[in-house]
Amino acid sequence: MPIRTASAIWQGNLTDGSGTISTGKGGLQGNYSFKSRFEEGEGTNPEELIAAAHAGCFSMAFSKALADAGYTSTSVDTTAKVHLDKTDAGPTVTRIDLETVGNVPGIDEAEFGKLAEGAKANCPISRLLSPGAEISLTTRLSS
């Protein structure tokens, strides 16, 4: 399996500085700052990138789980919400809420939810993050 890389450059002090984050193959690049991370400023932040990675990983894992169970999904649309909270140890990712909507002909809500839970447990990014953060999952079939 390939090794994936990303890089970040930060210039200046914590509150007034700024930086850029880039993925190894150049697919994503974004500016980030204290305000984009801890307030509501323009730009991205590490937590958004974790959310993107988790949503992408889960959607792929869920699509595989559906196929393995004999279902062909038209789409799996996942949003991940990463909670960065103040704790005694400092800012900490404490929770990730996954919300997924699937267009999967022939499946019922119960089977859809069961397969989604399995995908959550087996997604490599979920396995990475779950020892430190609670991961919730809500599912919905689209009509």
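Residues numbered from 1 in each chain as written. Predicted model: local features only at pLDDT ≥ 70, side-chain atom pairs only at ≥ 80, totals over all residues. Heavy atoms only, no water.

Engineer: Teacher, can you tell me more about the overall build of the protein chain here?
Structural biologist: Each helix and strand in the protein chain was counted, giving four helices and six strands. Projecting the C-alpha coordinates of the protein chain onto the three principal axes gives extents of approximately 55 × 35 × 30 Å. A buried classification covers 34% of the 143 residues belonging to the protein chain. When contacts within the protein chain are restricted to residue pairs at least 6 apart in sequence, those whose partners lie at least 24 apart make up 50%. If you sum the accessible surface of the protein chain, you get close to 9,000 Å²; carbon and sulfur atoms cover 53% of it. Taking the average location of the 12 positive side-chain charges in the protein chain and that of its 17 negative ones, the two points are 6 Å from each other. (Helix = DSSP H or I, 4+ residues; strand = E, 2+ residues; numbered from the N terminus. Buried < 20%, exposed > 50% of the residue type's maximum accessible area, 1.4 Å probe, protein only. Contact = heavy atoms within 4.5 Å. Areas by Shrake-Rupley, 256 points an atom, 1.4 Å probe, with all protein chains shown as cover. Lys, Arg positive; Asp, Glu negative; His and termini not counted. Charge placed at Lys NZ, Arg CZ, Asp CG, Glu CD.)

Engineer: Any chance you could explain the sheet that holds strand 2 (residues 18-23) here in plain terms?
Structural biologist: Sheet strands pair by backbone hydrogen bonding; their relative direction is either parallel or antiparallel. Judged by pairing direction, the sheet is antiparallel, and its three strands sit side by side in the order 1-2-3 without closing on themselves. At either margin of the open sheet sits one strand with a lone partner, and together these are strand 1 (6-11) and strand 3 (29-33). Averaged over all pairs of adjacent strands, the angle between strand axes in this sheet comes to 20°, irrespective of strand direction. By the bridge criterion, six bridges tie strand 1 to strand 2 in an arrangement that is antiparallel. (Pairing = 2+ DSSP bridges. Axes fitted to C-alpha atoms, helices over the stretch in contact; angles between N-to-C directions.)

Engineer: Could you clarify how one ought to interpret the sheet that holds strand 5 (residues 90-103) in this entry?
Structural biologist: Strand order in this open sheet of three strands is 4-5-6, and the pairing throughout is mixed. Here the strands that pair on one side only, and so sit at the sheet edges, are strand 4 (75-87) and strand 6 (134-141). Within this sheet the neighbouring strands show an average axis-to-axis angle of 15°, counted without direction. Where strand 5 lies against strand 6, eight bridges are found, and the strand directions are parallel. From the neighbouring strand, threonine 100 faces strand 6, where its bridge partner is threonine 139.

Engineer: What exactly am I supposed to notice about helix 2 (residues 46-68) here?
Structural biologist: Side chains that are three or four residues apart share a direction in an α-helix, a result of its 3.6 residues per turn. Relative to the 33 Å expected for 23 residues at 1.5 Å per residue, helix 2 spans 33 Å between its end C-alpha atoms, a close match to the ideal helical length. For helix 2, the secondary structure elements touched by its buried residues are helix 1 (34-38), strand 4, strand 5, helix 3 (109-122), helix 4 (124-129) and strand 6. (Expected span 1.5 Å × (residues − 1).)

Engineer: Just to check I follow, could you spell out the side chain of serine 33 for this structure?
Structural biologist: In this fold, serine 33 is placed in strand 3. If near-sequence neighbours (up to four positions away) are discounted, serine 33 is found in contact with Trp10, Gly17, Glu42 and Thr44.

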